[in-house]
Amino acid sequence: MFNIYKKIQLKEVTKRDNEEIDMEGMMNGNNNEKWWKKAVVYQIYPKSFQDSNGDGFGDLQGIIKRLDYLETLGINAIWLSPVFKSPQADNGYDISDYRDIDPTFGSLDDMEKLINEAKKHNIRIMMDLVLNHSSNEHRWFKEAKKSKDNPYHDYYIWRDGDEGVPPSDMKACFGGSAWEYVPEIGQYYFHQFLPEQPDLNWENPKVRRAIYDMILWWMDKGVGGFRLDVIDQIAKEPDKRITINGPRLQEYFKELSRETFQKGDLITVGEAWGADTERAKLYSNPDGSEFSMVFQFEHIGLDQKEGGEKWDLAPLPFKKLKKIMAHWQNELYNCGWNSLFWDNHDLPRIVSRWGNDREYRVESAKMLAILLHGMQGTPYIYQGEELGMTNVQYDIEDYKDCEIINMYHERLEKGYSKDEIMKSIYAKGRDNARTPMQWDDSANAGFTTGTPWIKVNDNYDKINAKSQVDDPDSIFSCYKKLVQLRKDYPVFVDGKFTLLLEDDENIFAYSRKNEEKTMIVVCNFFDKEIPMLLAKECEGMEVLISNYKDTSDMSVLRPYEARMYIR
Ligand code: GLC
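Small disclaimer: the values here were computed from a predicted structure and weren't measured. (Residues numbered from 1 in each chain as written. Predicted model: local features only at pLDDT ≥ 70, side-chain atom pairs only at ≥ 80, totals over all residues. Heavy atoms only, no water.)

Asker: Would you mind going over the overall build of the protein with me for this structure?
Answerer: Within the protein, the regular secondary structure consists of 17 helices and 20 strands. In summary, the protein has a C-alpha radius of gyration of 23 Å against a globular reference of 24 Å for 567 residues, a match within 12%. Expressed as lengths along the three principal axes of its C-alpha atoms, the size of the protein is roughly 75 × 55 × 50 Å. Here the protein holds 567 residues, and 62% of them are scored as buried. (Helix = DSSP H or I, 4+ residues; strand = E, 2+ residues; numbered from the N terminus. Rg over C-alpha atoms; globule rule 2.2 N^0.38 Å. Buried < 20%, exposed > 50% of the residue type's maximum accessible area, 1.4 Å probe, protein only.)

This is the structure we're talking about:
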């Protein structure tokens, strides 16, 4: 998925745009006071979080039951992957009614209850808005495909054509053509994802108005923010083969924000696979004209072959990772805001990916957490990441994700061996992140009393929340402490970032500095012992957090050792 984005040139953001940002940002003063700059967000994939009625699917009542757990972790907001009414062709990222809840998850009443109960735990709920496309079961689409002069026809993107001769050879992200034929009206509609996810036509002001009204309706219900799914794809112009970063993108964002988000004190985050730092500054302009922050992926796609797809595996270019993360830290300083993440529902588990999920699982999971949480931006913890949950290796029949299944068949047809395909799925498949949350060592990890919709990872007897919550040395406790440190030390929020030891092959280190404090984070990214190169710089500093008990030896860093110092 998402590799088509690479083939499209990022549209240049002009210098003038940026000069305007700075001016506006300055006029609005320093907005480091925004609550979401100190916040940590926790992402819930509702289908796999907690089942409360034994049907094998997680639900809203299940989330309500686990609010105490989340309050213990200390997070401030939940990004709830879509719970709207949906035929679930793409696990809810295909919405058939934006103003209702899918019965698998509960009812509108349950949703209101969740919003209110979460507030009591000081947690805000962010809804996941899928605005690039709807489900083909949405009332708008059902109308739209009836005839060319139906009032809803223009809600979607249509082109005339003969069956078997699509308007272009554009491909969808989940495989196959981006055009689907509707014989009854002799037209093709455009879909960047599944055929069950027809793209909405943002050029139609009626579509935009309907979306704004829906968002205001949710704001009225007390939601605390929104995550905006593939929002960089809304301004498409298929005739020019433009899918991401279309010419009208920023214009749409500004209108969307003005008509909705700016009427409340919300956290908003735009998912953007195609944003570079210049564009990200527009997304997260401190004047609040677009969104609070950007959620971009430049650091997370590095372990794939150049020019290939995510399935074409390659070792992680470690120095490049450091360079890219530093670039984002430096470029957005004082003029934008980034999201900090390793994991989400589309990505494999970080401990299996760039850590070591065998003998150093605990050490490497904590190292990755310390490394990320010391940076500037709003951290996102994806469910189970705080426990060091790992990837899985299932038989192909046990996978549920449409992306995995489509890729499997496509690559078999192209002549790849089954072994090779499975290797890619084990490494990158989205279902790695979608296995049920591991609550305890009882049947099905305490996720459900029924049959789980997707198999539970069989390491749940060892890796589960129950065994970690009260253990001060657990991965959970490490995350909990990091969340607290961000609240206690303003340097986490405003400190200037400097990458240290840029060319070192093993260490990821950086400093953060504000007027009061200097923080240094030193991480051994690999499984061997190496010299502690920053001993002199860190001498006499207080250790805020580390992943080994005794940090007195200033000569070596043990495998995956991470230390966060402050003065
Ligand atoms: C986003 C979602 C992903 C979904 C896709 C289409 O990238 O995170 O899960 O499949 O958009 O909505």
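Asker: Is there a simple way to explain the nonpolar core in this structure?
Answerer: Proteins that are soluble and globular tend to have nonpolar side chains buried together. Counting 138 residues, the largest nonpolar core has Met111 and Phe508 as its most contacted members. Ranked by residue count, the leading element in this core is helix 6 (residues 205–220), at 8 residues. Contact partners of phenylalanine 508, with chain neighbours within four places excluded, come to Phe318, Leu321, Lys322, Met325, Leu371, Met375, Leu499, Val521, Val522, Cys523 and Phe525. The next biggest cluster of nonpolar side chains, apart from the first, holds 17 residues, and it includes Val392, Tyr399, Ile404 and Ile425. (Core = buried A, V, L, I, M, F, W, Y, C linked by side-chain atoms within 4.5 Å. Contact = heavy atoms within 4.5 Å.)

Asker: I would appreciate a short explanation of the packing of aromatic side chains in the present structure.
Answerer: Working definition: an aromatic ring pair is given by the centre-to-centre distance plus the angle between the planes. Applying the stated rule across the entire model yields 40 aromatic pairs. A centroid spacing of 5.7 Å and a plane angle of 70° characterise the contact between tryptophan 158 and tyrosine 189, whose relative ring orientation is edge-to-face. Within this pair, whereas tryptophan 158 is found in strand 6 (residues 158–160), its partner tyrosine 189 is found in strand 8 (residues 187–190), the two being separated by 31 residues in sequence. Classification of tryptophan 158 as buried rests on a relative accessible area of 7%. Site record: aromatic cluster; members linked through ring pairs are Phe84, Tyr98, Trp140, Tyr152, Tyr155, Trp217 and Trp218. A cation sits over an aromatic face here: arginine 66 above tryptophan 439, 3.8 Å from the ring centre. (Phe/Tyr/Trp six-rings, centres within 6.5 Å; stacked < 30°, edge-to-face > 60°. Lys NZ or Arg CZ within 6 Å of the ring centre and 35° of its normal.)

Asker: Would you explain helix 6 in this entry?
Answerer: Owing to its 3.6 residues per turn, the α-helix aligns residues three or four sequence positions apart on the same side. When the terminal C-alpha atoms of helix 6 are compared, their 22 Å separation across 16 residues agrees well with the 22 Å that a helix rising 1.5 Å per residue should span. What helix 6 keeps buried is the set Val207, Arg208, Ala210, Ile211, Tyr212, Met214, Ile215, Trp218 and Met219. Downstream of helix 6 by one or two residues, glycine 222 has phi in the positive range, about 95°. (Expected span 1.5 Å × (residues − 1).)

Asker: Even after reading the chapter, I still don't get the site of the ligand, so can you show me in this structure?
Answerer: Neighbouring the ligand are 14 residues; Asp90, His133, Asp229, His345 and Asp346 lie closest to it. A distance of 3.0 Å separates an oxygen atom of the ligand from a polar side-chain atom of arginine 430. Alone, the ligand offers 310 Å² of accessible surface; in the complex the protein occludes 100% of this. Residue composition of the shell around the ligand, by class: 5 nonpolar, 2 polar and 7 charged. (Near = heavy atom within 4 Å. Polar contact = N/O pair within 3.5 Å; in protein donor to acceptor, adjacent residues only side chain to side chain. Areas by Shrake-Rupley, 256 points an atom, 1.4 Å probe, with all protein chains shown as cover. Nonpolar A, V, L, I, M, F, W, Y, C, P; charged D, E, K, R; others polar.)

Asker: What is the right way to look at the sheet that holds strand 18 (residues 542–546) in this model?
Answerer: Backbone hydrogen bonds hold the strands of a sheet together, and the pairing may be parallel or antiparallel. On the basis of which strands lie adjacent, the open sheet formed by 5 strands has the order 14-15-16-20-18 and antiparallel pairing. Looking along the sheet, the strands with just one partner apiece sit at the ends: strand 14 (496–500) and strand 18. For this sheet the average axis-to-axis angle between neighbouring strands, irrespective of direction, equals 20°. One ladder, built from 7 bridges, connects strand 15 (residues 507–513) with strand 16 (residues 518–524); its direction is antiparallel. Looking at the pairing, serine 511 lines up with isoleucine 520 of strand 16. (Pairing = 2+ DSSP bridges. Axes fitted to C-alpha atoms, helices over the stretch in contact; angles between N-to-C directions.)

Asker: Please clarify how the sheet that holds strand 7 (residues 179–182) should be interpreted in this entry.
Answerer: Here we have 3 strands laid out as an open sheet, ordered 6-8-7, and antiparallel in their pairing. Each edge of the open sheet is held by one strand with a lone partner, namely strand 6 and strand 7. If you compare each strand with its neighbour and ignore which way they point, the axes differ by 35° on average. Sheet topology note: the strand 7/strand 8 ladder contains 4 bridges and is antiparallel.

Asker: What is the right way to read unusual backbone geometry from this model?
Answerer: What is expected of a backbone is that most residues other than glycine have negative phi and most peptide bonds are trans. The backbone of asparagine 91 shows a phi angle near 45°, a positive value even though the residue is not glycine. Relative to the helices and strands, asparagine 91 is located in the loop between strand 3 (84–85) and strand 4 (97–101). The phi dihedral of alanine 445 is positive, around 60°, even though this residue is not glycine. As for its position among the elements, alanine 445 is in the loop between helix 13 (418–428) and helix 14 (465–468).

Asker: Would you mind showing me how to read the pattern of salt bridges here?
Answerer: Pairing of side chains with opposite charge becomes possible as their charged atoms draw close. Following the criterion strictly, the structure yields 37 salt bridges and no others. Note that glutamate 271 and arginine 227 form a salt bridge whose closest N and O atoms lie 3.1 Å from each other. Within this pair, whereas glutamate 271 is found in strand 10 (residues 267–272), its partner arginine 227 is found in strand 9 (residues 225–228), the two being separated by 44 residues in sequence. A salt bridge links lysine 549 to aspartate 473; its shortest N-O distance comes to 3.2 Å. With lysine 549 in the loop between strand 18 and strand 19 (556–557) and aspartate 473 in the loop between helix 14 and helix 15 (475–488), this residue pair connects regions lying 76 residues apart in the sequence. Salt bridges here are not isolated pairs; linked through shared partners, they connect Asp90, Lys310, Asp346, Asp401, Glu403, Arg430 and Arg434. (Salt bridge = Lys/Arg side-chain N within 4 Å of Asp/Glu carboxyl O.)

Asker: Please explain the pairing of strand 9 as it appears in this structure.
Answerer: Along any regular strand, the residues point their side chains to alternate faces of the sheet. Of the two faces of strand 9, both are covered, the one formed by Gly225 and Arg227 as well as the one formed by Phe226 and Leu228. As defined by bridge partners, strand 5 (residues 124–129) adjoins strand 9 across 4 bridges and the pair is classed as parallel. Among the inter-strand pairings, leucine 129 is bridged to a residue of strand 9, identified as leucine 228. Note: strand 9 against strand 10, 4 bridges, orientation parallel. Looking at the pairing, phenylalanine 226 lines up with threonine 268 of strand 10.

Asker: Could you clarify how one ought to interpret helix 13 in this entry?
Answerer: Three or more residues of helix 13 are buried, namely Ile421, Met422, Ser424, Ile425 and Lys428. Buried residues of helix 13, seen end-on, are gathered within an arc of 155° and therefore sit on one face of the element. Residues Asp419 and Lys423 are exposed on helix 13 and point more than 90 degrees away from its buried face. Tucked into the core, helix 13 has its buried residues touching helix 10 (350–353) and helix 12 (402–414). (Arc of directions from axis to C-beta.)

Asker: How do you make sense of the environment of tryptophan 179 when you look at a structure like this?
Answerer: Mapped onto the secondary structure, tryptophan 179 falls in strand 7. Beyond its immediate chain neighbours, meaning those up to four positions away, tryptophan 179 contacts Ile157, Arg159, Pro166, Pro167, Ser168, Met170, Tyr188, Tyr189, Phe190, His191 and Pro238.

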